[in-house]
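# Examining the three-dimensional arrangement
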Amino acid sequence: MLNQLTQYLQSTVTPGQAGSMLWATIYILVIFAGISLCVVFINWGERKALAHFQIRLGPMRVGPHGLLQPIADALKLLLKEDTIPANADKVVFWVAPFIVTTAAFVVYLVVPFGPQHAVTDMNIGILFMLGVSSLGVLGIITAGWASNSHYPLLGSLRSSAQMVSYEVAMGLAVISAILMTSFTPGSGSGTLSMIGIVEAQKAQGVWFLFKFFPLGLVAFVVFAIAMIAETNRAPFDLPEAESELVAGFHTEYSGFRWSLFMLGEYAAMIAVSSIAVTLWLGGWMRPFPNLLSGTNWDTIFSLVPGAFFLFLSAVTLYSTARMPKKLTFRIQTVGLGAFGLLLGAVGLVMLVPGVRERVQDIFWFMLKVAVFMYLYIWYRATWPRYRFDQLMRVGWKVLLPLSLGVLIVTGVVGLSPELMTWLKGVL
Amino acid sequence: MALAPIFRKIFLVDLIKGLSLTFRYQDPKEIYTEQYPLERPQVAERYRGLPRLKMNPETGKTLCIACDLCAKACPENLITVESERDPVTKRKVLTKYTFDLSRCMFCGLCEESCSTDAIELTPDYEVAQYSRDGMVLDQKRLEEGPDRKEYKR
Ligand code: SF4
Ligand code: SF4
């Protein structure tokens, strides 16, 4: 066991590459549990942030500022009656939510939380991610079909049309980022591996967002729009447009199965955000690697994760002290205090020199993904839903030509030194 | 074709404007929600709500002289005033006063008409009751005011 631990701590590659079954399994379990927990608390964060955008308070009653609301919600969902419509196709109805959730979670096999922190590093990582995440639409179609009801069917049809058409623009935008990996000086060949893409950004010393400005930016914007459509979120949430389709493809679902759809949706949101972070925002790299470089800055930035957790712990303990001193609040208060102490302990562990270099990658990655989650909520709070024809027009007539153009121009600009020499030779 | 609209479209100016607007609304100062049982909203000074029958603070006796003006003024005829003449002082003494809140439209004509300012519509807005019978307030309940739980934050 100790042997395994030291081996793990010394390895510089992912457990999958090192061939360590044990650590790969642990990683899978940790990622599954972590993402589920994130989904639960993003749900709280979304309700809370959405409420503040709409000058409301949001959940306030269960725990301080409604912090325990997701737990109450989960409990309620699990205890709810699980109905299957009389004429539904039972087997397909039963399988559909599992397809959606599985597709959303399998993607995390290759998400690089750090150079060592991924389950494995596939040489076709990004291809795998795009392929598996598009399987989610299959679950949505089967859900709509199996419900044997008008609204779910219409919702799932919309969803499939939307996902299929936005996948094209998304894929082209991704290709232009992959193309950029091949312009690393001295290497000459690109890579599809998720870790390789981040390493390429490191080697080129620039996030692909700023590469060949504004080409990287445009590709990123195309991807950012397409990924909202892919995950069926506002303003492209036509498959679940409440005003016309009740709740879209999951109208007939309730209880546990419905919560699986929610889990799948939010897990998919995190997954596509991590694609965007990996491709354009430098993955696990800390911010300002060029502007604030040097070992001093490295140390300072590696202290940030621990400090962040200590800050969270301080906030939690402060609000524990401010809890009402009533008997009915005793369990909540003790639980919150324990949570605060736990956060503090995590923060202290993260400050230990050996650990902090290894952990900060995960922190920066998650921070960037969290920004995307915030943006998702912000968009949802701000923009009205598109009409279906507008949605298709944006997808096919704007994003597709734009991403295709960016791809071509990126190729030309990237090869311009070679083109110049070739032209000189010809002339 | 004018250039400005095209630029607005390309750089998504309108969308960004909307985003900045909603972003500003996140300021906790903007929050409009009242956490009702914990925080009681302030209504206007002249708001007409739950009725109250006033007492003389020194003697603790009712100010009502049983003149029946309020009952006559009320368009809904929901106030009943019963009285008997005190044989000694030869004055009318209030024996029964009921106020059927379920029919009241809070027009305030009763308090306008009262010659001693005995009946008053207070700014208390929690007039809900558990039963229809509970809506009929007698003299005691009108004088004591509602009995309710106060919530603390
Ligand atoms: S407020 Fe109007 S309706 Fe109500 S009791 Fe007085 S006079 Fe009658
Ligand atoms: S008008 Fe005033 S004094 Fe006369 S009966 Fe009504 S409440 Fe009493």
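These numbers come from a predicted model, not from an experiment. (Residues numbered from 1 in each chain as written. Chains lettered and ligands numbered in written order. Predicted model: local features only at pLDDT ≥ 70, side-chain atom pairs only at ≥ 80, totals over all residues. Heavy atoms only, no water.)

## Observations concerning the packing of helix H3 (residues 21-53) of chain A against helix H15 (residues 353-382) of chain A
All names here are of chain A. Relative to each other, H3 and H15 sit at 45°, their axes nearing to 10 Å. Taken together, the axes of H3 and H15 lie oblique to each other. Regarding H3 and H15, the two cross each other, and that crossing is right-handed. Listed contacts from H15 to Cys38, Ile42, Gly45, Glu46, Ala49, Leu50 and Phe53 of H3 are Met366, Met373, Tyr374, Ile377, Trp378, Arg380 and Ala381. (Axes fitted to C-alpha atoms, helices over the stretch in contact; angles between N-to-C directions. Helix = DSSP H or I, 4+ residues; strand = E, 2+ residues; numbered from the N terminus. Parallel < 35°, antiparallel > 145°, perpendicular 65-115°, else oblique. Left-handed = near helix turned anticlockwise from the far one by under 90°. Contact = heavy atoms within 4.5 Å.)

## With respect to the pairing of strand E2 (residues 79-85) of chain B
Across seven bridges, the pairing between E2(B) and strand E3 (residues 92-100) of chain B is antiparallel. Residue pairing for E3(B): Arg85(B) is matched across the bridge by Lys92(B). (Pairing = 2+ DSSP bridges.)

## Some points on the site of ligand 1
Around ligand 1, the structure places 13 residues, and the nearest of them are Cys74(B), Cys104(B), Cys107(B), Gly108(B) and Cys110(B). The class makeup of the residues in the shell around ligand 1 is twelve nonpolar, one polar and no charged. (Near = heavy atom within 4 Å. Nonpolar A, V, L, I, M, F, W, Y, C, P; charged D, E, K, R; others polar.)

## Things to note about the interface of chain A and chain B
Facing 14 residues of chain A, the contacting portion of chain B comprises 13 residues. Carbon and sulfur atoms make up 67% of the surface buried where chain A meets chain B, a total of about 1,500 Å² over both sides. When the buried area of chain A at its contact with chain B is split by residue, Ile55(A), Leu57(A) and Trp383(A) rank highest and sum to 36% of it. Summed over the shared surface of chain A and chain B, the result is zero salt bridges. For the pair chain A and chain B, the number of links is seven residue pairs in polar contact (both at pLDDT 80 or more). Mapped by element, the contributors of at least two residues to the side of chain A that touches chain B are H3 and H15 of chain A. The biggest single contributor to the side of chain A that touches chain B is H15(A), with five residues. Of the residues contributing to the side of chain A that touches chain B, the split by class is ten nonpolar, two polar and two charged. (Buried area = accessible area lost by both parts, 1.4 Å probe. Salt bridge = Lys/Arg side-chain N within 4 Å of Asp/Glu carboxyl O. Polar contact = N/O pair within 3.5 Å; in protein donor to acceptor, adjacent residues only side chain to side chain.)

## Details of the pattern of salt bridges
Under the criterion given, the structure shown has 14 salt bridges over all chains. Notably, a salt bridge pairs Asp82(A) with Arg257(A), separated by 3.2 Å at the nearest N-O pair. In this pair, Asp82(A) is assigned in the loop between helix H4 (69-79) and helix H5 (90-106) and Arg257(A) in helix H12 (residues 255-280), connecting sequence segments 175 residues apart. By relative accessible area, Arg257(A) is classed as buried at 8%. Asp14(B) is the salt-bridge partner of Arg8(B), the closest N and O atoms lying 2.8 Å from each other. Accessibility expressed as a relative area gives 38% for Arg8(B), which makes it partly exposed. (Buried < 20%, exposed > 50% of the residue type's maximum accessible area, 1.4 Å probe, protein only.)

## Observations regarding the site of ligand 2
Taken together, Cys64(B), Ile65(B), Ala66(B), Cys67(B), Asp68(B), Leu69(B), Cys70(B), Tyr97(B), Cys114(B), Thr116(B) and Ile119(B) make up all the residues around ligand 2. Taken together, the residues of the shell around ligand 2 sort by class into nine nonpolar, one polar and one charged.

## Side note on the confidence of the model for chain B
Residues and elements named next belong to chain B. For chain B, mean pLDDT is 86; residues scoring 70 or higher make up 98% of the total. At the low end of the mean pLDDT range in chain B sits helix H1 (residues 3-10), at 82; at the high end sits helix H4 (residues 109-113), at 91. Both scores are given for the predicted complex: the pTM is 0.80, the ipTM 0.70. (pLDDT = per-residue confidence, 0-100.)

## Topic: a nonpolar patch on the surface
All names here are of chain A. Among the surface-exposed residues, Leu404, Ile408, Val409, Val412, Val413, Leu415, Leu419, Met420, Trp422, Leu423, Val426 and Leu427 lie close enough to one another that they form a single nonpolar patch of about 1,200 Å² accessible area. Elements supplying a minimum of two residues to the nonpolar patch: helix H16 (388-414) and helix H17 (416-426). Structurally, the position occupied by Leu415 is in the loop between H16 and H17. (Patch = residues over 30% accessible without salt bridge, like charges linked within 9 Å, V, L, I, M, F, W, Y side chains within 5 Å. Areas by Shrake-Rupley, 256 points an atom, 1.4 Å probe, with all protein chains shown as cover.)

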